[in-house]
Amino acid sequence: MAQVKTQRLYYSLKDYFKEKYGKRVQKITVALPFTCPNRDGTKGRGGCTYCYDGSKPSMLSPVIPLEVQIKEGIERAKKKYGEDIYFTIYYQSYTNTYADIETLKKVYDTALKFEGVVGIDVGTRPDCAPEEVLDLLEYYANKGLEVWVEYGLQSANFETLKKINRQHGVSDFVDAVLRTKKRNLKVCAHMIIGLPGETREDFIETAKLIASLPIDGIKIHPLHVIKGTVMEKQYLNEEFKTLTLEEYAEYCADVIELLPPDMVVHRITGETDEERLIAPEWCTFKYKNAVIQKVRETLERRGTYQGARYPFYKYGV
């Protein structure tokens, strides 16, 4: 009897890497001494209202030389997953295209020094993607690396973007995506579910915008409030509430249903250290698998999957 192929709930980054490379590809996250235009005064001060220390993981320090960060990250990964794996270097904290070309080239060149590195992943803002930086990134793609450019959109609601001090608009995001996709580069978009004042309609509209563009991947994050941020003060003043895990799972499932089936879902949760977190309590590392499972259970209960409600014609079709 022929085996029935079950429908995949969503196209995870792990699945994508396994299909492409035939083995595990581990992200090695590094921190650089960069900043952002809404921190240094170019556009504003203070950064995004939810952002703590440029979203830098607590275990990383930009003071440690980049080569050391990569070397130690690779050693940890091999110890955990074995020798037969590949790596991609993830430049995560702050805005990793926000420097002069010479500095950026030195930073990205470092990835080429390590055996087993198949790609680089650059986190940035849509208003920090000048042509010369995209040309530089394509240089690495043309050398055989898989190059992802991650743009933080967070919301397609411009009023929300103003409230959270993003200091860019939706049009900046669309422009950056279209210019990036003229090159041999992959784009990953970030969105946050649960931003103050937003409703299910806002989350759906953000998902639809992302789904309508030539975007290769997405990171879906639940809003979580971190100590030392502007949003902490707003939360403690009861200006907004965070979502329950059940609410987040429903909204995340809504988003996943709207995405094209071939869009790589890099993340469906986000977390921080317990000592940093204000709310909700389920956005810490110990709950990560529980959040993922809850989203999967929600999709299964609905009998749905990624792309089930994709609302657009595929590009050019």
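Residue positions are counted from 1 within each chain, in the order its sequence is given. With pLDDT at 70 or above as the cut-off, local features in this predicted model cover only qualifying residues; side-chain atom pairs require 80 or more to be listed or tallied, and sums for whole chains, interfaces and linings still use all residues. The side-chain values count all of the structure's non-hydrogen atoms but skip hydrogen atoms and water molecules.

For the chain, the name recorded in an unreviewed UniProt entry is Radical SAM core domain-containing protein, with Aquifex aeolicus as its organism. Taken directly from UniProt, the Cofactor (unreviewed entry) text for the chain runs: "[4Fe-4S] cluster". UniProt positions are given in the numbering used here, feature names are shortened, and annotations may be inferred rather than shown by experiment.

Draft legend 1. Structural detail: the packing of helix 9 (residues 245-258) against helix 10 (residues 288-302). Across the interface, helix 9 lies against helix 10 with an axial gap of 9 Å and an inter-helix angle of 60°. In terms of axis orientation, helix 9 runs oblique to helix 10. In terms of crossing hand, the pair formed by helix 9 and helix 10 is right-handed. Contacts between helix 9 and helix 10 involve L245, E246, Y248, A249, E250, C252, A253, D254, I256 and E257 from the former and V291, K294, V295, T298, L299, R301 and R302 from the latter. Three residue categories are used. Nonpolar comprises Ala, Val, Leu, Ile, Met, Phe, Trp, Tyr, Cys and Pro, charged comprises Asp, Glu, Lys and Arg, and polar comprises the others, including Gly. Residue classes in the contact of helix 9 with helix 10 are distributed as nine nonpolar, one polar and seven charged. A fitted line through C-alpha atoms represents every axis, and for helices the fit uses only the stretch in contact; the resulting angles, taken between N-to-C directions, go from 0 to 180 degrees. Numbering of helices and strands starts at the N terminus; helices are DSSP runs of H or I of at least 4 residues and strands are runs of E of at least 2. Angles below 35 degrees are treated as roughly parallel, those above 145 as roughly antiparallel, those between 65 and 115 as roughly perpendicular, and all remaining angles as oblique. Should the near helix be turned counterclockwise from the far one by less than a right angle, the crossing is left-handed, whereas a clockwise turn marks it as right-handed. In what follows, residue pairs with any heavy atoms lying within 4.5 Å of each other are defined as contacts.

Draft legend 2. Molecular detail of the sheet that holds strand 2 (residues 86-91). Strand pairing requires that DSSP identify at least two bridges connecting the strands. The strand order across the open sheet formed by seven strands is 1-2-3-4-5-6-8, and the pairing between neighbours is parallel. The two strands at the open ends of the sheet, each matched to only one other strand, are strand 1 (25-30) and strand 8 (264-267). Between one strand and the next, the sheet's axes are offset by a mean angle of 25°, whatever the strand orientation. Bridge count for strand 3 (residues 117-124) against strand 4 (residues 146-154) is six bridges, and the pairing is parallel. Directly across from I120, in strand 4, lies its bridge partner V147. Where helix 1 (residues 13-21) meets the sheet, its contacts fall on strand 1, strand 2, strand 3, strand 4, strand 5 (186-193) and strand 8, and the angle it forms with strand 4 comes to roughly 165°.

Draft legend 3. Region of the structure containing the pairing of strand 6 (residues 217-222). In terms of burial, strand 6 is largely enclosed, as six of its six residues are buried. Of the two faces of strand 6, both are covered, the one formed by G217, K219 and H221 as well as the one formed by I218, I220 and P222. Alignment of strand 5 against strand 6, held across six bridges, turns out to be parallel. Bridge assignment links M191 to a residue of strand 6, and that residue is I220. Taken together, strand 5, helix 7 (residues 200-212) and strand 6 constitute a β-α-β crossover, and its handedness is right-handed. By the bridge criterion, three bridges tie strand 6 to strand 8 in an arrangement that is parallel. Each residue's exposure class comes from its accessible area (1.4 Å probe, protein chains only) as a fraction of the maximum for that residue type: buried when under 20%, exposed when over 50%, partly exposed otherwise. Here, the term right-handed applies to a crossover whose path from the first strand over the helix to the second runs clockwise when the strands point away from the viewer.

Draft legend 4. Structural detail: the environment of E83. You can see E83 is positioned in the loop between helix 2 (66-81) and strand 2. Separated by 33 residues in sequence, E83 and G116 place their C-alpha atoms 9.9 Å apart.

Draft legend 5. Region of interest: helix 1. Turning to helix 1, its buried residues are L13, Y16 and F17. Looking down the long axis of helix 1, one finds its buried residues gathered within 95° of arc, a one-sided arrangement. In helix 1, the exposed positions angled more than 90 degrees off the buried face are occupied by K14 and E19. The inward-facing, buried residues of helix 1 abut strand 1, strand 2, strand 4, strand 5 and strand 8. Positive phi shows up at G22, right after helix 1, with a value of about 75°. The directions considered for the arc run from the helix axis to the C-beta atoms.

Draft legend 6. Expanded view of the nonpolar core. Throughout, nonpolar core names a set of buried Ala, Val, Leu, Ile, Met, Phe, Trp, Tyr and Cys residues whose side chains join them through atoms within 4.5 Å. Among the nonpolar cores identified, the biggest contains 82 residues, and Y91, Y108, I120, L137 and I220 are the most heavily contacted of them. Among the elements that make up this core, the one with the highest residue count is helix 9 (eight residues). Among all residues touching Y91, those that are not within four sequence positions of it are V30, L32, L66, N96, V107, Y108, A111, I120, D121, V122 and G123. Counting nine residues, the second largest nonpolar core, distinct from the first, contains L13, Y16, F17 and V25.

Draft legend 7. Focus on a positive patch on the surface. Patch members must show over 30% relative accessible area and no salt bridge, and they are joined within 9 Å when carrying like charges or within 5 Å when they are nonpolar side chains of Val, Leu, Ile, Met, Phe, Trp or Tyr. Using the Shrake-Rupley algorithm and a 1.4 Å probe, accessible areas are obtained, with residue cover drawn only from the displayed protein chains. We count a salt bridge whenever a side-chain nitrogen from Lys or Arg sits within 4 Å of a carboxyl oxygen from Asp or Glu. In this charge count, Lys and Arg are treated as positive and Asp and Glu as negative; neither His nor the chain ends contribute. Each charge is placed at NZ for Lys, CZ for Arg, CG for Asp and CD for Glu. A cluster of basic residues, K14, K18, R24, K80 and K288, forms a positive patch at the surface. With respect to the secondary-structure elements, K14 resides in helix 1. A relative accessible area of 62% places K14 in the exposed class.

Draft legend 8. Representation of unusual backbone geometry in the model. That bond from A279 to P280 is cis: its omega, -10°, falls within 30 degrees of zero. Following the sequence through the fold, P280 ends up in the loop between strand 9 (277-279) and helix 10. In this structure, N165 takes a positive phi of about 65° despite not being glycine. Looking at where N165 falls in the secondary structure, it is placed in the loop between helix 5 (158-163) and helix 6 (170-180). N165 sits in the buried class, given a relative accessible area of 15%. A positive phi angle is found at Q167, which is not glycine, with a value near 65°. Mapped onto the secondary structure, Q167 falls in the loop between helix 5 and helix 6. When its relative accessible area of 31% is taken as the criterion, Q167 is described as partly exposed.

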